[in-house]
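# Descriptive structure summary
Now for the letters of each chain:
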Amino acid sequence: QVQLVESGGGLVQPGGSLRLSCAASGSIASNLALGWYRQAPGKERELVAAIIGGGNTIYADSVKGRVTMSIEDAKNTVSLQMNSLNTEDTAVYYCNAKASGLRAGSVIDYWGQGTQVTVSS
């Protein structure tokens, strides 16, 4: 089982920065992919950033250039550095890990509890 615990969310004014952290149990290296998602009120959960395959990092167009996702091996954590935040970034942010399922070709999703990010003046 994979346990994910997010932290670092909070209230920040527009233009500010936050660094989210996701502490994972076990080895995160065994996962097929690691990612950050967010969900704003009334909207579907969307991908913010992910590390997939051989360490390739992808970002949503809405955050590209303002967000950096990284893995801290020593602490077994996944981080999301967010800069130049605006009100559209307000959402609950979730850490996600995808692992191989019991059946070939299947994938199991693990989710953290989420951490609230509110951008407001």
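One can find the structure itself at the top, above this paragraph.
These figures come from a predicted structure and were not determined experimentally.

Summed over the entire model, instances satisfying the criterion amount to two aromatic pairs. Ring centres of Tyr37 and Trp111 lie 5.0 Å apart, and the angle between their planes is 65°; on these two criteria the pair is classed as edge-to-face. Taken together, the residues span a long stretch of sequence, with Tyr37 in strand E4 (residues 33-39) and Trp111 in strand E10 (residues 107-111) at a distance of 74 residues. Since its relative accessible area comes to 35%, Trp111 is described here as partly exposed. Measuring from centroid to centroid gives 6.4 Å for Tyr94 and Trp111, while their planes differ by 90°, and the two rings are edge-to-face. Taken together, the residues Tyr94 in strand E9 (residues 91-100) and Trp111 in strand E10 connect sequence positions 17 residues apart. Pairwise contacts between aromatic rings join Tyr37, Tyr94 and Trp111 into one cluster.

Regular strands place their side chains on alternate faces of the sheet. The buried fraction of E9 amounts to seven of the ten residues, a majority that puts the element mostly inside the structure. Pairing geometry for E9 and strand E11 (residues 115-119), over three bridges, is antiparallel. Paired with Tyr93 across the strands is Thr115, a residue of E11. With five bridges connecting them, E9 and E10 associate as antiparallel partners. If you follow Ser100 over to E10, its bridge partner there is Val107.

Generally speaking, soluble globular proteins have nonpolar side chains that are buried together. Counting residues in each nonpolar core, the largest one holds 29 residues, and the members touching the most others are Trp36, Met69, Leu80 and Tyr93. When residues of this core are traced back to their parent elements, those giving at least two are strand E3 (18-24), E4, strand E5 (46-52), strand E7 (67-72), strand E8 (77-82), E9 and E11. It is E9 that contributes the most residues to this core, five residues altogether. The contact partners of Met69, leaving out residues within four places of it in the chain, are Leu34, Gly35, Trp36, Ala49, Ala50, Ile51, Thr57, Tyr59, Val78, Ser79 and Leu80.

Residues other than glycine seldom take positive phi values, yet Asn76 does so here, at roughly 55°. Of note, Asn76 is situated in the loop between E7 and E8.

Definitions and cut-offs
Residues numbered from 1 in each chain as written. Predicted model: local features only at pLDDT ≥ 70, side-chain atom pairs only at ≥ 80, totals over all residues. Heavy atoms only, no water. Phe/Tyr/Trp six-rings, centres within 6.5 Å; stacked < 30°, edge-to-face > 60°. Helix = DSSP H or I, 4+ residues; strand = E, 2+ residues; numbered from the N terminus. Buried < 20%, exposed > 50% of the residue type's maximum accessible area, 1.4 Å probe, protein only. Pairing = 2+ DSSP bridges. Core = buried A, V, L, I, M, F, W, Y, C linked by side-chain atoms within 4.5 Å. Contact = heavy atoms within 4.5 Å.

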